[in-house]
Amino acid sequence: MYDGKEQGAKDVNKVSVVIPCYNAGEYLDEAVRSALAQTWQNLEVVIVDDGSTDPSTLELLNKAPWPRTRIFHQQNAGPAAARNHAVREAHGCYILPLDADDRIEPTYIERAVAVLEDRPDVGCVYCKARKFGAERGPWNLPPYTLRELVIDNVIFVTSLYRKADWESVGGYNEKLRHGVEDYDFWVKIVHLGRDVVQLDDYLFNYRIQESSRTISFQDHRAKVVETYAEIFRSNIDFYAAHADMLFEHRFGLYDELQYWRSRYHAVDAFLTRHPRMSRFICIIRKVLSKYRHRKKDK
């Protein structure tokens, strides 16, 4: 197993690809090999097993068939804690998180490092992304702007940053076990005064699964509210500094809602007078929804 001593403990431009793994043995080999296939060779892979219980995952981790890779184990504490553990162990001055079921294209790290090397003001470099697995095609996130980040996250977790900045912001917030811990992290990085750069190519592949932590989180309103409230409280200075953007967005939503209400007021009045028609429309929607799912499965 690679012990990090081949090129010294902290090379000037070394990249550490950090991978939290929880029962993801089915996909982990693909993720690791996509990291090791990078055109940027001065890198290591640091895997933290987050208390996996799946026998096939544990067997793969015990075999550790990969070069330039170090593996650590911890009791289950969530992805934020696993990433923090991996970054603490990392020898690189640059960090690229990679989830155990995703993949990166061979030139991603080389191109992202070039930006950080050239621009000390940049704190995060990411790219365009494609979805694969249960869903395929471009992942159409809005392009990064400060306003978009104030409203919600537009930067995925697999983005290159400096370990020094991770240290400055105190790492990932381990209270955020349900999801979007990367959003909290990017807010903190930007609040340091760092800029964000998006590469204009599809260099990250994001696996869509039928069920996942992200899907479960989005379907649970109480967890979503609790999580975003924690992000707001822990970044109160950031949101206070950009409160005008928040309220512009809020009142923009009010205007949009008012527009649709006025446009469909007559339809609402008709359905109120004819409740059977409203129930009929609901039935039609359910039938169409089932049809779309069946067609998608084919």
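Everything below is about the structure shown above.
Quick notes on the rules
Residues numbered from 1 in each chain as written. Predicted model: local features only at pLDDT ≥ 70, side-chain atom pairs only at ≥ 80, totals over all residues. Heavy atoms only, no water. Pairing = 2+ DSSP bridges. Helix = DSSP H or I, 4+ residues; strand = E, 2+ residues; numbered from the N terminus. Contact = heavy atoms within 4.5 Å. Axes fitted to C-alpha atoms, helices over the stretch in contact; angles between N-to-C directions. Salt bridge = Lys/Arg side-chain N within 4 Å of Asp/Glu carboxyl O. Buried < 20%, exposed > 50% of the residue type's maximum accessible area, 1.4 Å probe, protein only. Nonpolar A, V, L, I, M, F, W, Y, C, P; charged D, E, K, R; others polar. Polar contact = N/O pair within 3.5 Å; in protein donor to acceptor, adjacent residues only side chain to side chain. Core = buried A, V, L, I, M, F, W, Y, C linked by side-chain atoms within 4.5 Å.

### Describing the sheet that holds strand 5 (residues 103–104)
Spatially, the four strands line up as an open sheet ordered 5-9-6-7, and their pairing is mixed. Each of the sheet's edge strands pairs with one partner strand only, and the pair in question is strand 5 and strand 7 (137–138). The pairing of strand 6 (residues 122–133) with strand 7 spans two bridges and is antiparallel. Across the sheet, residue K131 finds its bridge partner in strand 7, namely G137. Contacts from helix 4 (residues 108–118) reach strand 5, strand 6 and strand 9 (195–208) within the one sheet, and its direction differs from that of strand 6 by about 160 degrees.

### Quick notes on the pattern of salt bridges
Following the criterion strictly, the structure yields 15 salt bridges and no others. With a closest N to O distance of 2.7 Å, R103 and E30 form a salt bridge. With R103 in strand 5 and E30 in helix 1 (residues 25–36), this residue pair connects regions lying 73 residues apart in the sequence. Among the residues examined, E30 registers a relative accessible area of 31% and is labelled partly exposed. Between R83 and D99 there is a salt bridge whose closest N-O contact spans 3.0 Å. Taken together, the residues R83 in helix 3 (residues 79–89) and D99 in the loop between strand 4 (94–97) and strand 5 connect sequence positions 16 residues apart. Each of the two residues, R83 as well as D99, counts as buried. A cluster of three or more residues bridged by salt bridges with shared partners is formed by E30, R103 and R207.

### Observations regarding the packing of helix 1 against helix 2 (residues 55–63)
When two helices pack together, you describe them by how their axes are tilted relative to each other and by the distance separating the axes. For the pair helix 1 and helix 2, the least separation of the axes is 8 Å and the interaxial angle reads 35 degrees. Contacts between helix 1 and helix 2 involve G25, L28 and D29 on the former and, on the latter, T57, L60 and L61. Here the residues of the contact of helix 1 with helix 2 are counted per class, giving three nonpolar, two polar and one charged.

### A short note on the side chain of E181
Following the sequence through the fold, E181 ends up in helix 7 (residues 181–191). Residue classification places E181 among the buried positions, given a relative accessible area of 1%. A distance of 2.8 Å separates polar atoms of two side chains, one belonging to E181 and the other to R83.

### Considering the nonpolar core
Judged by nonpolar contacts, the single largest core of 76 residues is most densely connected at V15, L28, I47 and Y108. Looking at this core, the element that brings in the most residues is strand 9, giving seven residues. In this structure, L28 is in contact with I19, C21, I47, L60, L61, W66 and A100, ignoring residues within four places of it in sequence.

### Considerations on the sheet that holds strand 4
Pairing in this open sheet of five strands is mixed, and the strands run 3-2-1-4-8 from one edge to the other. The open sheet is flanked by strand 3 (69–74) and strand 8 (161–162), the only strands paired with a single partner. As judged from the two bridges shared by strand 4 and strand 8, these two strands associate in the antiparallel manner. When the bridges of strand 8 are listed, I95 appears paired with Y161. On the sheet, helix 2 packs against strand 1 (15–21), strand 2 (43–50) and strand 3 and is oriented at approximately 145 degrees with respect to strand 2.

### A word on unusual backbone geometry
Residues other than glycine predominantly adopt negative phi, and peptide bonds predominantly adopt the trans conformation. Even without a glycine there, the phi angle at N23 is positive, about 55 degrees. One non-glycine residue with positive phi stands out, namely R68, at about 50 degrees. Mapped onto the fold, R68 is located in the loop between helix 2 and strand 3. Judged by its relative accessible area of 17%, R68 falls in the buried class.

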